[in-house]
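Coordinate analysis (summary)
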Amino acid sequence: MGKARLAAFRRKGSGAPAGAQSGRARPNPNPFEVKVNRQKFPVLGRKARHAVGQPGVSRARAVQKRTQTLLKEYKERDKSNVFTDKRFGEYSSSMSPEEKMMKRFALEQQRQHEKKSIYNLNEDEELTHYGQSLADIEKHNDIVDSDSDAEERGTLSAELTAAHFGGGGGLLHKKTLQQQGEDEEKPRSRKELIEELIAKSKQEKRERQAQREGALELTEKLDQDWKEIQTLLAHKTPKPENRDQKEKPKPDAYDMMVRELGFEMKAQPSNRMKTEEELAKEEQERLQKLEAARLRRMRGEDMHGDSRKPKHLSADDLNDDFVLDKDDRRLLSYTDGKMSVEEEQSREASDGESEEDHHEDPSDENLEESSDPDGHSDLDSDTETEEDCGRPDTEPRLAPQKRLANNGHKAREAARNELPYTFAAPESYEELKSLLSGKTMEEQLLVVERIKTCNHPSLAAGNKAKLEKLFGFLLEYVGDLATSDTPDLGVIDKLVVQLYNLCQMFPDSASNSIKFVLRDAMHEMEGSVEARGRVAFPGLDVLIYLKIAGMLFPTSDFWHPVTTPALVCMSQLLTKCPVLSLHDVVKGLFVCCMFLDYVSLSRRFIPELVNFLLGILYIATPNKHGQGYTLVHPFRASGKNSELLLVSDEEDTATWQRTGLSLRWASGLKAQTKTEANHTRLSCLAVCVALVKHCVLLYSSLPAFHDIMRPLRALLTEHLANRTHPPELQELCQSTLSTLTDMGKQSQRCRPLVCEKSKPVPLRLFTPRLVKVLEFGRKQGSSKEEQERKRLIHKHKREFKGAVREIRRDNQFLARMQLSETLERDAERKRKVKQLFNSLATQEGEWKALKRKKFKK
C-alpha cells in the first residue's frame with residue numbers, strides 16, 4: 001500500500017494535458033529516480049509487491065484513466081440528449097429478426113392508411129368549388145376574377161379594357177352624358193348658395209324642435225297613463241301563498257352567533273396609555289385648581305370672574321328677550337278677614353332647606369344667583385316689599401342684602417373647614433402628626449394620598465427624598481396609634497396600603513426603616529435581659545411592625561435582609577419572654593399566627609412555634625402527670641402560672657361562644673369581670689388548637705412528623721377527655737386529632753426521597769500503567785476482538801485518507817482541464833482579433849490608394 005501511495009504522489013505532479021502524455025512516447029526514466037524497496041531477508045509465504053518504483057509511469061496511467069472517465073463526464077455535463085432506438089422489438093430478445101421486420105412493415109402500412117384526425121368524418125371525399133377541386137385551386141394555376149359573372153367568365157369588361165389598354169371609348173361616352181346633364185342646370189352665384197345653406201339649417205332646426213316637442217308630449221301622456229294604471233296596481237290583491245310550501249328552517253345557534261359577530265362593533269383605536277409621570281402631573285394640576293377654587297370661596301371672591309358681569313345693553317335695546325324663569329304670582333286669599341300667609345311660610349321653609357344644602361355643598365351657587373343679571377332681583381325685591389306690607393309685625397324677616405351676606409359667610413366657613421387639596425411634604429414627624437391629628441380615618445387617608453400626589457418623584461428633583469422620609473414618618477405614626485390607650489386598628493389597617501405603595505416606589509429606604517425599627521426592638525430586649533435577667537413581651541407597636549414587615553417584603557426567600565431578622569426576632573420573643581398573664585398569652589399567639597403567615601409558602605420548620613403551642617396546651621390542662629414529655633423555657637411544669645388558662649367555673653364554660661381574640665388584649669386591656677377573663681382563656685385555648693391544626697397540615701411532609709406531633713397528640717387527647725370543656729371546643733379538638741391521624745398515615749405511605757446508594761468514585765491516581773511489550777511496535781495482552789477492532793479502525797483510516805487524496809487529485813485534474821480550455825479560447829480569440837485587424841488594415845490601405853489615385857486624376 002505504501003508503494004501505491006508513492007505512485008499516486010508521483011502522479012500528482014503531472015501538469016501536462018492528457019493528450020500530450022498519451023500521444024507521445026515517454027523517454028526512459030532516470031536511473032537515479034528509480035526507488036527500490038529492498039527486503040532485509042525473504043519471508044516464506046509473503047509476496048513482495050512494488051519492489052521497484054518508477055516515477056511517472058503510474059502517474060501517466062492515472063491521467064489516462066481520468067481522461068477516459070472523468071474528462072468525458074465533464075465534457076458531457078450540460079448535454080441531455082440521448083440516442084434511444086425506438087424501433088419495434090429492438091430490445092426484445094424473444095423475437096427473431098424476421099418477426100421484427102414483418103411487424104415493423106405492418107405498423108408502417110397501418111400508419112399510412114389511418115386517419116390523421118378523429119374529427120374528419122369525410123376525409124376520403126374530395127371537396128369541390130364550381131366543379132373544380134379545392135386541391136387544384138390551392139395550387140393557384142388559374143386566377144379567376146370572383147367579381148365577374150358566370151356568363152362573362154374569361155372575358156374582360158369594356159371599362160377595364162379602356163383603363164388598361166387605351167381606347168377609352170366607353171369612358172368618353174359616359175363623360176359626354178354627364179356633361180350634357182350638367183349643362184341643362186344653370187350655374188348659381190355665391191349669394192344663392194349661402195341663402196340655400198341658411199334655409200337648410202333653419203329647416204333642420206325646425207324639424208329638431210318639432211321632434212323634441214313631440215317626444216315631450218308623448219312622455220307626458222305616458223306619465224298620465226301610468227298614474228292611472230298605478231292606482232289599479234296599488235289595490236291589487238296579493239297572490240295566495242302556497243300552503244304546501246315548506247316552512248323555512250330556523251337558523252341554529254352557530255348561524256345566529258355568526259350573524260351577531262358580523263354586526264358586532266369593531267374595535268376602535270384608542271388613545272395611548274399615559275405614563276406614570278403624565279398621570280401624576282395631571283393629578284397635581286387638578287388638585288391645584290381645586291385648591292385655588294377653595295381659597296377663592298374662602299375669601300368670598302367671584303370664581304368665574306367677568307363671566308357673571310351683566311352684559312352691555314345699548315340705548316336702542318328694547319329688552320325683547322326678557323323671560324321669567326318661573327311664575328312667582330300667587331292668588332291672594334283671606335281667612336277671617338286677614339291675608340293668608342301659609343304659602344309664604346312654606347316658601348321660606350323651602351328657601352331655608354336650600355340654603356342648608358348649599359352650605360353642605362360649597363359650590364357657591366347662592367352667590368351666582370345673586371350676581372346673575374337674569375336673576376330678576378329687582379322683581380323679587382318688589383314682591384318682598386309688597387308682602388312685607390301685608391305681613392304682621394310679629395313675623396321677623398331679614399332683608400335680601402342680609403340674607404346674601406349670611407349665605408356668603410356660610411360659604412366661606414364651609415370652604416375654610418373643607419380639607420385642602422394640596423399639601424407640602426412634611427419635614428418632620430410633628431408636621432405629619434399635626435396634619436393627621438383630629439381628623440377622621442377617611443380624611444387621614446385622603447391627606448396622605450394628596451401628599452403623595454403633590455410630591456410625586458417625577459414632578460421635582462427633591463420629591464424622592466421627601467417621600468422616603470414620609471415612609472418613616474408614617475411608620476412612626478402607626479407605632480403611636482398602636483401604643484395609645486385605645487389603639488385605632490382600623491386606621492392602621494388602611495395606612496398599610498399607603499405604606500405598601502411607598503415601599504414599591506422606594507424599596508431600599510423602606511427596608512432600611514423597617515430594619516431600624518426591628519434593631520431598636522432587639523437592642524431593648526437585650527438590654528432588659530442583661531439588666532433584669534428576663535424580658536417581657538414587647539408592646540403592640542413592635543408586633544404590628546413585625547406584621548407589616550411580612551406584608552411588605554417576601555417571606556419565602558431563603559435569606560432576606562428584612563424578613564430574616566424579623567423571623568429571628570419572633571423566635572427570640574417565643575423563647576425568652578415568659579408567659580405571666582393573659583396579655584402575654586394573646587401576644588404569643590399573635591406571634592405564632594405571624595410565624596405561620598411567614599412560612600406558609602416556604603414550609604420552613606419553626607421549633608419555637610411548636611414549643612410555644614405545646615406550652616399553651618399544657619397550662620390549660622388540668623391533669624399534668626404522666627404525659628411523657630418535658631417543657632422548656634419559657635414555660636415551667638409547676639409554679640404560679642402553670643394553670644393560667646385553666647377554667648373551673650362551669651357556668652362560664654356553658655355561656656362561652658367561640659369568637660376571635662381582639663388585639664386590644666395585647667395593648668393592656670384588663671378584664672372587667674371574672675366571667676370575661678374565663679371567656680378569654682377559653683378563646684385563647686380555641687385559637688391554640690386551631691393553630692395546632694394548621695401546623696399539622698403544614699408540616700405533614702416532614703420525616704420526623706410523628707416525633708414532633710407526639711406531645712401535641714397526648715395533650716389534645718387529654719383535653720378531649722376533659723368533659724368540662726364546651727362542646728364546640730371539644731369538636732375542634734376532635735377534628736384536630738382526626739387530621740393528625742390522617743396525616744400520620746399519609747406520611748407513613750409516602751416516604752421521603754433519599755439519594756440512591758452508589759459506590760463512591762475513587763480518587764484519580766497518578767501511578768503509571770505498565771504494559772508488557774513482547775515485540776517492538778505491538779502491544780500484547782489484548783483480546784482477539786480488540787485486535788480485530790483496531791485493525792478495522794486502521795484500515796478505515798487508511799482508506800479514508802486514500803479517498804480524500806483521490807478526490808483532491810480529481811479536482812486538480814479538472815482544474816487543469818478548465819485552465820487549458822480557457823487558454824485555448826483566449827488564443828482563438830486573439831487569433832480572430834488579429835485577423836480582423838489585418839483585414840481592416842488591408843481595407844484601409846486599399847481605400848487610401850484609391851483616394852490617392854483619384855486625387856492624381
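Quick summary incoming for the structure in this document. This one's a predicted model, so the numbers in the text were calculated from it and none came from an experiment.

Attention now moves to the overall build of the chain. Assigned secondary structure in the chain consists of 29 helices and six strands. For the chain, the share of sequence-separated contacts (at least 6 apart) that also reach a separation of at least 24 residues comes to 72%. Of the roughly 65200 Å² of accessible surface on the chain, 54% is carried by carbon and sulfur atoms.

Negative charge collects at one region of the surface, where E213, E217, E220, D223, D225 and E228 lie side by side. Mapped onto the elements, D223 comes out in helix α9 (residues 190–234). Relative accessible area serves as the criterion here: at 42%, D223 is assigned to the partly exposed category.

Moving on to the pattern of salt bridges. Applying the stated criterion across every chain yields a total of 19 salt bridges. Salt-bridge contacts for R831 lead to E828; the nearest nitrogen and oxygen are separated by 2.3 Å. Within this pair, R831 and its partner E828 are both found in helix α29 (residues 784–856), separated by three residues, close to a single helical turn. The partly exposed category is assigned to R831, whose relative accessible area is 44%. Exposure remark for E828: the relative accessible area of 33% places this residue in the partly exposed category. A network of salt bridges, in which partner residues are shared, links R66, E806, R809 and D810.

Under the counting rule described, the total for this entry stands at two aromatic pairs. On the numbers, 5.3 Å between centres and 75° between planes, the contact of F605 with Y699 is edge-to-face. Taken together, the positions of F605 in the loop between α23 (582–598) and α24 (607–619) and Y699 in the loop between α26 (674–698) and α27 (705–721) put the pair 94 residues apart, joining distant regions of the chain. The class for Y699 is buried, based on a relative accessible area of 1%. Directly above the ring of Y74 sits R77, whose terminal nitrogen or CZ lies 4.0 Å from the centroid.

Here C684 shows up in helix α26. According to the relative accessible area criterion, C684 is buried, its value standing at 0%. With 26 residues separating them along the chain, C684 and R658 place their C-alpha atoms 9.9 Å apart. Once residues lying within four places of it in the same chain are set aside, the contact partners of C684 are V585, V586, L589, L645 and L661.

The next point concerns the packing of α24 against α26. Helices that pack against each other are described as a pair by the angle of their axes relative to one another and the distance between those axes. Put simply, α24 and α26 touch, their axes get as near as 10 Å, and they point 145° apart. Note on packing geometry: the crossing formed by α24 with α26 is left-handed. Together, L609, L613, I616 and L617 of α24 and L685, C688, V689, L691, V692 and C695 of α26 make up the contact between the two elements. Considering only residue class, the contact of α24 with α26 consists of 10 nonpolar, no polar and no charged.

Turning our eyes to something else, we now look at the nonpolar core. Judged by nonpolar contacts, the single largest core of 108 residues is most densely connected at F471, L609, L613, I616 and L617. In terms of residue count, α26 provides more of this core than any other element does, 12 residues in total. With residues near it in sequence (within four places) discarded, L613 still touches L589, C592, C688, L691, V692 and C695. Judged by nonpolar contacts, the second largest core, of seven residues, contains L70, L71, Y74 and L814.

For α27, which comprises 17 residues, the first-to-last C-alpha distance of 24 Å matches the rise-based estimate of 24 Å (1.5 Å per residue) to within 8%. Maximal helix bending in α27 amounts to about 30°, located at P711. Burial in α27 covers these residues: F705, I708, M709, L712, L715, L716 and H719.

Before going further, it helps to examine the side chain of R681. Following the sequence through the fold, R681 ends up in helix α26. Buried charge without a salt bridge: R681, with D652 as the nearest opposite-charge side chain at an N-O distance of 7.3 Å. A distance of 2.8 Å separates a polar side-chain atom of R681 from the backbone oxygen of L644. Each residue touching R681, except ones within four places of it in the same chain, is listed here: L582, L644, L645, L646 and V647.

A few words on the environment of D742. Summarising the element assignment, D742 is placed in helix α28 (residues 727–749). Judged by relative accessible area, which is 48%, D742 ranks as partly exposed. Between the C-alpha atom of D742 and that of S700, which follows or precedes it by 42 residues, the distance is 9.6 Å.

Calculation rules
- Residues numbered from 1 in each chain as written.
- Predicted model: local features only at pLDDT ≥ 70, side-chain atom pairs only at ≥ 80, totals over all residues.
- Heavy atoms only, no water.
- Helix = DSSP H or I, 4+ residues; strand = E, 2+ residues; numbered from the N terminus.
- Contact = heavy atoms within 4.5 Å.
- Areas by Shrake-Rupley, 256 points an atom, 1.4 Å probe, with all protein chains shown as cover.
- Patch = residues over 30% accessible without salt bridge, like charges linked within 9 Å, V, L, I, M, F, W, Y side chains within 5 Å.
- Salt bridge = Lys/Arg side-chain N within 4 Å of Asp/Glu carboxyl O.
- Lys, Arg positive; Asp, Glu negative; His and termini not counted.
- Charge placed at Lys NZ, Arg CZ, Asp CG, Glu CD.
- Buried < 20%, exposed > 50% of the residue type's maximum accessible area, 1.4 Å probe, protein only.
- Phe/Tyr/Trp six-rings, centres within 6.5 Å; stacked < 30°, edge-to-face > 60°.
- Lys NZ or Arg CZ within 6 Å of the ring centre and 35° of its normal.
- Axes fitted to C-alpha atoms, helices over the stretch in contact; angles between N-to-C directions.
- Left-handed = near helix turned anticlockwise from the far one by under 90°.
- Nonpolar A, V, L, I, M, F, W, Y, C, P; charged D, E, K, R; others polar.
- Core = buried A, V, L, I, M, F, W, Y, C linked by side-chain atoms within 4.5 Å.
- Expected span 1.5 Å × (residues − 1).
- Bend = angle between axes of the 7 residues up to and from the residue.
- Polar contact = N/O pair within 3.5 Å; in protein donor to acceptor, adjacent residues only side chain to side chain.

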